[in-house]
Amino acid sequence: MTSDRTCLMNSRGVAILLGLVLALSACTTVQKPPVPVSAATVSGDCCQQPERYPKGLVALVEPFAPAIGKLVAAAVWRKGYLLRHEAAMAAILADMQPLDVITVNNKGRLSGHAIPGHFGHAAIYVGTERQLRQAGVWDAPEIRKYHDAIRKGAMFIEADNKGVHLSTAALALDADAIAHLRPKGLSPKRKRQAVTEFFRRVGMPFDYYFDLDTTACTFCTELVNMVLPEMRLPQRRVYGRRLILPDEMAAATLKGRTGFAFLRYVSANRDHWQVLGRQALAADLRAAWPAPQRPPHVATMASR
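Draft legend 1. Spotlight on the overall build of the protein. Each helix and strand in the protein was counted, giving 14 helices and nine strands. Out of the 304 residues belonging to the protein, those deemed buried represent 54%. Here the protein has roughly 13,100 Å² of accessible surface; of this, 54% comes from carbon and sulfur atoms.

What follows is the structure, given as structure tokens:
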């Protein structure tokens, strides 16, 4: 958190600090009416001590959050390790169904360090042409204009510094690890509604302030919550704003506290990749949160 652009670009530590402040700061002046956060939505006292920087410092940097966010997003020193393994990519995609969600770990880019914890992002799988036809939504007005992009390989929707947009597998799975989650209990009609709702939101601007109480922009986990509120994603207030942490989303799912089912955890390094289960994901979540800062879902797993 500094106004010296040279320092920002030359010091990873300062850039990470900037990223963390922007990630815990707010986005537009358009506000929703106050929405009470129910006990069902918040699973206890979630991420402890996520406000790691002085509130005055956050307020000082806040007006520059979009500019800082773009600089952070542009800092990439390597591709995600999953992209090195074609078999891993094929294994992940082979079992994907529309509305599946992946939480993404990528420590080869600065944005992967900007959110505290293991995962820094989430993306929604919306399907191939064949899957969208099977679901009965291929000719929906919200989807028809994206036919060419889908036929060229776009199968995910995500919200990042480019706004809400379609992504190919190579973009969405540019990661070192992903957790694969699937919504439970949705009727075919509700699934059709949700898929078209995700497409309807393509083009929304990105919320560089990570604030659930804004309507003109959105961020990755907010996009999931916006379209699938019945998934009951855990929310918390950080620097006076409500947000959803990707780690907390994954940890709460492991504990059965969301509407998602955990399917698999896929992790890779330079030479190998592997499909892992609940225990491996829980261990990596624990490692990413020092004891005083663990979400309660993660802290519960640590006591096992």
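Draft legend 2. Structural context of the packing of helix H12 (residues 246-254) against helix H13 (residues 278-288). Two numbers describe how H12 lies on H13: the axes approach to 11 Å, and their chain directions differ by 140°. Taken together, the axes of H12 and H13 lie oblique to each other. Between H12 and H13 lies a crossing of left-handed hand. Within the contact between the two elements, H12 uses Asp247, Ala250, Ala251, Thr253 and Leu254 and H13 uses Arg278, Leu281, Ala282, Leu285 and Ala288. Classifying every residue of the contact of H12 with H13 gives seven nonpolar, one polar and two charged.

Draft legend 3. Just helix H11 (residues 220-227), in detail. A large share of H11 lies buried, amounting to seven of its eight residues. Looking only at H11, the buried set comprises Cys220, Thr221, Glu222, Leu223, Val224, Asn225 and Val227.

Draft legend 4. Broad picture of the nonpolar core. Of all hydrophobic cores here, the largest spans 56 residues; its most connected members are Leu132, Ile143, Ile157, Phe198, Phe199, Phe260 and Leu281. Apart from residues no more than four positions distant in its own chain, Phe260 is found in contact with Leu99, Val101, Leu181, Arg182, Pro183, Lys184, Val224, Met231, Leu233, Met249 and Thr253. Formed by 19 residues, the second largest nonpolar core is a distinct cluster that contains Tyr125, Leu173, Ala175 and Ala268.

Draft legend 5. Looking closely at H12. Of all nine residues that make up H12, nine are buried, and the element is covered over most of its length. The complete set of buried residues in H12 reads Pro246, Asp247, Glu248, Met249, Ala250, Ala251, Ala252, Thr253 and Leu254. Two residues or fewer after H12 comes Gly256, characterised by a positive phi angle close to 75°.

Draft legend 6. Region of interest: the packing of helix H10 (residues 188-200) against H11. Interaxial distance between H10 and H11 falls to 10 Å at its minimum, and their mutual angle equals 140°. In this view, H10 runs oblique relative to H11, as classed from their interaxial angle. Judged by the sense of rotation from one axis to the other, the crossing of H10 with H11 is right-handed. Between H10 and H11, the contacting residues are Arg190, Ala194, Glu197 and Phe198 on the first element and Leu223, Val224 and Val227 on the second. Residue classes in the contact of H10 with H11 are distributed as five nonpolar, no polar and two charged.

Draft legend 7. Structural view of the pairing of strand S2 (residues 121-125). Across the five residues that make up S2, a large majority, five, are buried. Of the two faces of S2, both are covered, the one formed by His121, Ala123 and Tyr125 as well as the one formed by Ala122 and Ile124. As paired elements, S2 and strand S3 (residues 154-160) share three bridges and run antiparallel to each other. Bridge assignment links Tyr125 to a residue of S3, and that residue is Phe156.

Draft legend 8. Geometry of the packing of aromatic side chains. This model, assessed by the stated rule, comprises six aromatic pairs. For the pair Tyr125 and Phe156, a centre-to-centre distance of 5.2 Å together with 75° between the ring planes defines the contact as edge-to-face. Of this pair, Tyr125 sits in strand S2 while Phe156 sits in strand S3; the two residues are 31 residues apart in sequence, bridging distant segments of the chain. We note that Tyr125, like Phe156, is buried. Taking 5.1 Å as the distance between ring centres and 40° as the angle between the ring planes, the aromatic pair formed by Phe210 and Phe219 counts as tilted. On the basis of relative accessibility, which here comes to 12%, the residue Phe210 falls in the buried class. Following the ring pairs from residue to residue traces out a cluster consisting of Phe206, Tyr208, Phe210 and Phe219.

Draft legend 9. Summary view of the environment of Leu99. You can see Leu99 is positioned in the loop between helix H5 (86-94) and strand S1 (101-105). With sequence-adjacent residues up to four places away left out, Leu99 is seen in contact with Ile124, Tyr125, Pro183, Leu186, Lys191, Ala194, Val195, Phe198 and Phe260.

Draft legend 10. Structural view of the pattern of salt bridges. Scanning the entire structure with this criterion turns up twelve salt bridges. Here the salt bridges share partners, and the residues they tie into one network are Asp95, Asp100, Arg182 and Arg264.

Draft legend 11. Expanded view of the pairing of strand S9 (residues 273-276). Sheet analysis places strand S8 (residues 260-268) next to S9, joined by four bridges and oriented antiparallel. Note that in S9 the partner of Val266 across the bridge is Val275. Once S8 ends, the chain turns through four residues before running back antiparallel as S9.

Parameters at a glance
Residues numbered from 1 in each chain as written. Predicted model: local features only at pLDDT ≥ 70, side-chain atom pairs only at ≥ 80, totals over all residues. Heavy atoms only, no water. Helix = DSSP H or I, 4+ residues; strand = E, 2+ residues; numbered from the N terminus. Buried < 20%, exposed > 50% of the residue type's maximum accessible area, 1.4 Å probe, protein only. Areas by Shrake-Rupley, 256 points an atom, 1.4 Å probe, with all protein chains shown as cover. Axes fitted to C-alpha atoms, helices over the stretch in contact; angles between N-to-C directions. Parallel < 35°, antiparallel > 145°, perpendicular 65-115°, else oblique. Left-handed = near helix turned anticlockwise from the far one by under 90°. Contact = heavy atoms within 4.5 Å. Nonpolar A, V, L, I, M, F, W, Y, C, P; charged D, E, K, R; others polar. Core = buried A, V, L, I, M, F, W, Y, C linked by side-chain atoms within 4.5 Å. Pairing = 2+ DSSP bridges. Phe/Tyr/Trp six-rings, centres within 6.5 Å; stacked < 30°, edge-to-face > 60°. Salt bridge = Lys/Arg side-chain N within 4 Å of Asp/Glu carboxyl O.

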